Every structure is written in structure tokens, then in C-alpha cells.
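One-letter residues, chain by chain:
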Amino acid sequence: LCVSLFALMAMQNLTDNQLTQIENNLTTGVTHSWEIGTHTEALTEFLTPSYSIFSSSSIPLSSSQFTYGPPSSLDPILTLAHSVIANRSTSNDNAQGPQPFMQDTATSNPVSIGVAVLIANWTGYTGYGGAEDYVGVAWDQVDYLFSGSMPKMSDGAILHHVSQLQLWSDLVYMVLLFLAYYSVTTTNRSEWFSFSIYCPLCNSSTGGMWKHIMMGSGMDSGHWATGNSWAAAGMLCILRTITNSQYANTMKSEQTDLVNWVGEIHNGIYLHLQSNGLFKNYPNSSNTSNFNDAASTALLASTMYHLANTWGWHTHLLQVECSWQVLSSSNSTLAHFTSDMWLMPVVDPYNFGQQGEWSQEVQAFVLEMEAARGDWVMVGSQGA
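Residues numbered from 1 in each chain as written. Predicted model: local features only at pLDDT ≥ 70, side-chain atom pairs only at ≥ 80, totals over all residues. Heavy atoms only, no water.

1. Section: empty space enclosed by the protein
- Here the structure, examined in full by the defined rule, presents 5 cavities of 30 Å³ or more.
- Here the largest cavity defines a volume of roughly 60 Å³.
- Taken together, Glu 45, Phe 54, Tyr 173, Ala 233, Leu 236, Cys 237, Leu 299, Ser 302, Thr 303, His 306 and Glu 368 make up the lining of the largest cavity.
- Where the lining of the largest cavity is concerned, the elements lending two or more residues are helix H9 (225–243) and helix H11 (294–311).
- With 4 residues, the top contributor of residues to the lining of the largest cavity is H11.
- Looking at the lining of the largest cavity residue by residue, the class counts come to 6 nonpolar, 3 polar and 2 charged. (1 Å grid on protein atoms, 1.4 Å probe; cavity = no way out; pocket = protein on both sides within 12 Å on 5 of 7 lines; lining within 4 Å. Points joined across faces, edges and corners; volume = space filled by probe spheres on them. Helix = DSSP H or I, 4+ residues; strand = E, 2+ residues; numbered from the N terminus. Nonpolar A, V, L, I, M, F, W, Y, C, P; charged D, E, K, R; others polar.)

Here's what the structure looks like:
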């Protein structure tokens, strides 16, 4: 279905009206913690890129950048962060001390809100309900992760669930990104730890794709496409956080590791990109119940654009441009959107083995893909 790269370069982005509808869909019914975290990250990248992790600005931003307050484009992100923190006591049954940003049966999911909370902190956002102790609340979340009552592996790896020993591939995006951002914005390097302890999820026999869930009840040793996209996206956010921080010169080897791990995921998974520009829900599975999934396709595309922009890696760009054209170029028939701009087909976000009808987090993936490609085009489409 894909045309030449030169023709792809001439394709147009989605229209402003279409993107606005996608953004509106993203805000519909967002209640789960990881949906809020994904929502705020996508909107920051899309609406206010100068405040995003992928900007060229140092982290944390200089106070001179918000002398007159944060830009209005940050309002949706800061409002969400403020609302979560303002309701934290109610959500956590008036707990004191170490606790998550909001209640969840998963250890990792609430942590994804943390970057937005820290942006609210250093922009001095008060919202409509008065100031909040954002940095204090962020510390409570960090302390909760490392407190003795939380289950962890013997090597210190933080686990996905409160109640059992289990590693999930999306934990890199949900947890490790916040820890990196917290360390940089509070100059508290002590919270850094080795990312390599999560490499048991990697699988060299499949070219570098990550397994989905290891250990515990409900283990899934398959190479779930969305899990691989979560892992790649999380590692790229961490990479960019480091390179824009005061630790850039002292963490060269960690940056190289992160780039290589993302590259391994790309090399493994893009072997299985179909001629229709989409991945299967499990790209290397021959199971007859396997289905096409535009969700992972979109988020993985964003990671390839970011890797090209931040590190000069251009492998698989032609395949990624093919996926982008099939999914969302306004020159295409938009066959993978409903009339009201919900991306399809997608995995059910609450049941990773089933196809879903619609998904808020997938709308976030589309905005992240559009933002990342826009950045890539803006700097000259390097590697094209």
C-alpha cells in the first residue's frame, strides 16, 4: 500500500479539525491512572512542545521561561495534575506519608502522572483550588515505590503489582520515566538505579523484542506489540531527560545503553511489519486469533521519529513513513479512523488479548506520532 519515500514526504498531516476531534476523544471518559499519565504526556508533546521532554530545553526549565506564568496551552495538563493531587486524600482513604498519586491495584500505573505533577510544581500552578505541595506529593510517590512494604525483586527491580512479584514491559514508561524526571528536577541523583535489571524482559532470540509479562499469575511471555512500544517510548523519554539534564556528561554509557535497547526493539519488531503498514497484536505469533493493531503501530512510529531526531538513527524510517501514511496522512482515505476520528483497529486497553472498539490511550498515541513526525519534518526530515 505504501508509495515511495519521496511521495510520502509530500503527504499532508491530518487537518486541524481532525486533530481537534482526536484530542477531544482523548479527554472522553479518562479515569484510569495510566490513561491520565498517557493523556498528559501526549498533550504536552502535542500542544506545548517547548515544555515536553523532547524539546531542546534543559530540564528543569529555567524560571525565566514562565515568569508570566505557564502558557495557556499547558492548562489541560496542569488542570489534570492539580485535580489528581487535590483528590489524593480521598482516593487513598486519607493515608499519610508514602502513597501513590491515586489508588490503583497496580504499583506502576499511577506513577505515570508524575511528570505532569512536577511540571505543575516548577511552573507554580495553583489552579482554581489553591496551591498544592506538588514536590512533597511527588516525594511521597517515590517513597512509596521504595518503601519496605512494596514487593521488589532481589536486585531492586520495582514490580507492576502491589500484591505479587511480576514484571511488565510498560513499567519503563509508567515508572522509570518519572524516577528519571524526578531525579533531574530535584537534583536527587540517589533515585537513579540500573535500567539493565529490567532486561530479563528482553529476548535476543526474537531480535530484541520484549516479553510482555514475566512471573506471577497471568504471565504472558509473548511479544505484545503495545508492550514493546511502551518500553521503547519510555526509554526514549528517559534518554531525552538525561541528555537535557545536568547529568548528561556523567551518564554517557547509560545513554548509549538506552539507544541500543530501543534500536534492538525496532530491529526485532519491524521485521514483522505487514505490507498493510500495521503490526499484529503479537507481531511474531501465528495464532489465528491474532488481529491487526493500529495502537502499537502509532506509538512505535513516534519512537522511530524521536530516535531519528535525538540520536540520528534512521533505520526503519521508510517502514515508519509507510505506517504513518496508512494511518493518518490526510492524503489517504483515513480507512483506519471512524467518522468521528477514533483510530481502529485497536487492542482493548483493558484486555490485551482482545480487539477493542475504541481507546483513549490510542488517541494519545496518534497525537504523539503526529508531534514526533512534525519535529522530524521541522528539522529537515533527517535520514529520509
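Continuing now.
2. Quick notes on the layout of surface pockets
- Empty space within the second largest pocket amounts to approximately 250 Å³.
- For the second largest pocket, the full set of lining residues is Pro 49, Ser 52, Phe 54, Ser 55, Ser 56, Arg 240, His 306, Asn 309, Thr 310, Asp 375, Met 378 and Val 379.
- Sorting the residues of the lining of the second largest pocket by element identifies H11 and helix H13 (360–378) as the ones contributing at least two each.
- Residues of the lining of the second largest pocket, tallied by class, amount to 4 nonpolar, 6 polar and 2 charged.

3. Considering the confidence of the model for the protein chain
- For the protein chain, mean pLDDT is 85; residues scoring 70 or higher make up 84% of the total.
- No element of the protein chain has a lower mean pLDDT than helix H1 (residues 5–9), at 50, and none a higher one than strand S3 (residues 279–280), at 98. (pLDDT = per-residue confidence, 0-100.)

4. Section: helix H2 (residues 16–26)
- Those residues of H2 that fall on the buried side of the exposure criterion are Gln 18, Leu 19, Ile 22, Glu 23, Asn 25 and Leu 26. Looking down the long axis of H2, one finds its buried residues gathered within 160° of arc, a one-sided arrangement. Projecting away from the buried face of H2 at angles above 90 degrees are the exposed residues Asp 16 and Asn 17.
- Where H2 is buried, its residues contact helix H3 (33–47) and H13. (Buried < 20%, exposed > 50% of the residue type's maximum accessible area, 1.4 Å probe, protein only. Arc of directions from axis to C-beta. Contact = heavy atoms within 4.5 Å.)

5. Some thoughts on the nonpolar core
- Counting 106 residues, the largest nonpolar core has Phe 178, Met 235, Tyr 305 and Leu 343 as the members making the most contacts within it.
- With 13 residues, helix H8 (residues 171–186) is the single largest residue contributor to this core. (Core = buried A, V, L, I, M, F, W, Y, C linked by side-chain atoms within 4.5 Å.)

6. Observations regarding the packing of H11 against H13
- Viewed as axis vectors pointing N to C, H11 and H13 meet at an angle of 25°, and their least axial separation amounts to 8 Å. In terms of their interaxial angle, H11 and H13 are classed as roughly parallel. Every pair of crossing elements has a handedness; the one defined by H11 and H13 is left-handed. Contacts between H11 and H13 involve Ala 295, Ala 298, Leu 299, Ala 301, Ser 302, Tyr 305, His 306, Ala 308 and Asn 309 from the first element and Val 362, Phe 365, Val 366, Glu 368, Met 369, Ala 372, Arg 373, Asp 375 and Trp 376 from the second.
- Of the residues belonging to the contact of H11 with H13, the class tally is 12 nonpolar, 3 polar and 3 charged. (Axes fitted to C-alpha atoms, helices over the stretch in contact; angles between N-to-C directions. Parallel < 35°, antiparallel > 145°, perpendicular 65-115°, else oblique. Left-handed = near helix turned anticlockwise from the far one by under 90°.)

7. Looking at the environment of Leu 307
- Mapped onto the fold, Leu 307 is located in helix H11.
- In this structure, the C-alpha to C-alpha distance between Leu 307 and Val 262, residues 45 residues apart in sequence, is 8.3 Å.
- Leu 307 has contacts with Leu 236, Val 259, Val 262, His 266, Gly 312 and Trp 313, leaving out every residue within four places of it along the chain.

8. Observations regarding H9
- Between its terminal C-alpha atoms H9 stretches 27 Å, which fits the 27 Å expected from 19 residues at 1.5 Å a residue.
- Counting buried positions along H9 yields 18 of 19 residues, so the element is predominantly enclosed. (Expected span 1.5 Å × (residues − 1).)

9. Digging into the side chain of Ser 33
- Here Ser 33 lies in helix H3.
- Not counting the four nearest positions on each side in its chain, Ser 33 is found in contact with Met 102, Asp 104, Asn 109, Pro 110, Ser 112 and Ile 113.

10. Focus on unusual backbone geometry
- That bond from Met 344 to Pro 345 is cis: its omega, -10°, falls within 30 degrees of zero.
- If you trace the backbone, Pro 345 turns up in the loop between helix H12 (317–328) and strand S5 (346–348).
- Notably, Asp 93 is not glycine yet its phi reads approximately 55°, a positive angle.
- Checked against the element boundaries, Asp 93 lands in the loop between helix H5 (88–91) and helix H6 (114–123).
- Positive phi values are uncommon outside glycine, yet His 316 reaches one of about 75°.
- Here His 316 is to be found in the loop between H11 and H12.
- Taking relative accessible area as the criterion, His 316 reaches 17% and is therefore assigned buried.

11. What to know about the environment of Asn 290
- Mapped onto the secondary structure, Asn 290 falls in the loop between S3 and strand S4 (292–293).
- Take Asn 290: its relative accessible area is 13%, and that puts it in the buried class.
- On a C-alpha basis, the gap between Asn 290 and Gln 355 in space is 8.9 Å, while along the polypeptide they are 65 residues apart.
- If sequence neighbours within four positions are ignored, Asn 290 has contacts with Lys 280, Asn 281, Tyr 282 and Ser 285.
- A distance of 3.5 Å separates a polar atom in the side chain of Asn 290 from the backbone nitrogen of Asn 281. (Polar contact = N/O pair within 3.5 Å; in protein donor to acceptor, adjacent residues only side chain to side chain.)

12. Considerations on the side chain of His 306
- Mapped onto the elements of the fold, His 306 is located in helix H11.
- Apart from the residues within four sequence positions on either side, His 306 is in contact with Glu 45, Phe 54, Leu 236, Trp 311, Ala 372 and Asp 375.

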